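So you can see what is in the structure, the chains are spelled out below.
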Amino acid sequence: MKRAPSPEPRAPSFPRQVKLFGWVSLLNDFASEMIYPLLPAFVTGVLGGGPQALGALDGAAEFAAACVKLGAGRLADRPRLRGPMIVLGYFIAVVVRPVIAVTGAAWQVIGLRVVDRLGKGLRTPPRDALIADVTPAELRGRAFGLQRGMDHAGAVLGPILAWWLLASGTANVRAVIGWSIAPGVLVLLLAIWAVRDGGGRGRMVEAAPFTNQPPLTSSNLPHRSRSPALLAISFFYLLRMPDTLIILRSQELGVPVAVVPLLWAAVHVVRSSSSFVGGAATDRMGPARTMWAGWLVYALLAAGMARAGTVGAAWGLFLALGLVSGLTESPERALVARLAGTHQGSGFGVYHGITGFAALLGGVVLGAVFQRYGAGPAFLASAAGGLGLVLVWPLVAARFGRAG
């Protein structure tokens, strides 16, 4: 008598928290990106700032977030604190963002943007740690790809709504910024739901790549922050051109201010779709190779943006730059999850902290170069740094061992 075939094992699926945080990210970026693509025109046109002010805006915001992320990561090693930190972080952003509408000077916008990023700094390490803890190791790349993909999907919807409000005459720039509070309310409700029973499994995860060093803990944070992978990622954030300056460059090439939200939405269509591809590639090829591909794409496109001279080139190059986020964000987070071991909070705190410091320095320096010498030299300098990283990384990976 033949035995009935045993049922095939079910493929692992995303936990509830991963799916909910996808929707939280979508709605939060819906609200945030109603505002962000308008800031270059708002700061330089309405408030009289310049490219250096825009570089300082992005840099100071990331610096503030970096400071908070370091401490938030340490606290996020305690699962019971993750939920309150995540909800409070989203609450700060929801309340602060609409206040930008009533500002009267560039420094006020910078200050409010900093406070907004403080909320981001508080919520991001515990959110990423929670996702890493509840997700099976073989799905982590795709889990972070889902979160980043839906995050960028929200950044498609927000700018489209902003464009429609401006183009139809329904609202001016200040009113659009103020209305960003509406989707923020839904963000808070979903975030509260997402963190329920989301303390993490406390699982031991696989050994860190590159070496057989112990996982990231409070006793070896300085040592592990010098990991070749984290240093390479930080260098990329140092040389990468801030989005506000890419938007300003597009305006210089002839993209009208009223159309910038549409361009920004289109960029996030590319970022969203490529995030799913980047997440899957991370699980198949490993994070090191996937990041390297993203760095190469960035170096080529930044050089192209330096030489661009038409509106069509601005559209094409900016859209193509959306591939960079899809090819770097998911593998970065998957790699950090491996490096962190059982201390996911500290691991993501260090990652977000050092990349934030790098983005601060890079934003200020590139903004100053942009303002003094023009867009071409600034983008060429950024491209040269990216090319250097592309050339050096295979040598570093060969010496310390490949990630994945």
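None of the values given here were measured: they were computed from a predicted structure.

Caption draft 1: Just the overall build of the protein chain, in detail. For the protein chain, the count of helices and strands is 16 helices and zero strands. Of the roughly 15800 Å² of accessible surface on the protein chain, a fraction of 67% belongs to carbon and sulfur atoms.

Caption draft 2: Here's a closer look at the confidence of the model for the protein chain. Across the protein chain, the average pLDDT comes to 80, with 84% of residues at or above 70. Note on residues 199–225: pLDDT under 50 across the span, and 74 contacts to partners over four residues away in sequence or across chains.

Caption draft 3: Broad picture of the packing of aromatic side chains. For the coordinates displayed, the defined rule picks out seven aromatic pairs. Their ring planes at 35 degrees and their centres at 6.2 Å tell us that Phe 236 and Trp 295 sit as a pair that is tilted. Taken together, the residues span a long stretch of sequence, with Phe 236 in helix 10 (residues 228–239) and Trp 295 in helix 13 (residues 287–307) at a distance of 59 residues. Accessibility classification places Phe 236 together with Trp 295 in one group, the buried group. Note on Trp 295 and Trp 393: the rings are 5.6 Å apart at their centroids and 80 degrees apart in plane angle, and the pair reads as edge-to-face. Residue Trp 295 is found in helix 13, and its partner Trp 393 is found in helix 16 (residues 375–400); the two are separated by 98 residues along the sequence. Linked through ring pairs, Phe 236, Tyr 237, Trp 295, Tyr 298 and Trp 393 together constitute an aromatic cluster.

Criteria and thresholds
Residues numbered from 1 in each chain as written. Predicted model: local features only at pLDDT ≥ 70, side-chain atom pairs only at ≥ 80, totals over all residues. Heavy atoms only, no water. Helix = DSSP H or I, 4+ residues; strand = E, 2+ residues; numbered from the N terminus. Areas by Shrake-Rupley, 256 points an atom, 1.4 Å probe, with all protein chains shown as cover. pLDDT = per-residue confidence, 0-100. Contact = heavy atoms within 4.5 Å. Phe/Tyr/Trp six-rings, centres within 6.5 Å; stacked < 30°, edge-to-face > 60°. Buried < 20%, exposed > 50% of the residue type's maximum accessible area, 1.4 Å probe, protein only.

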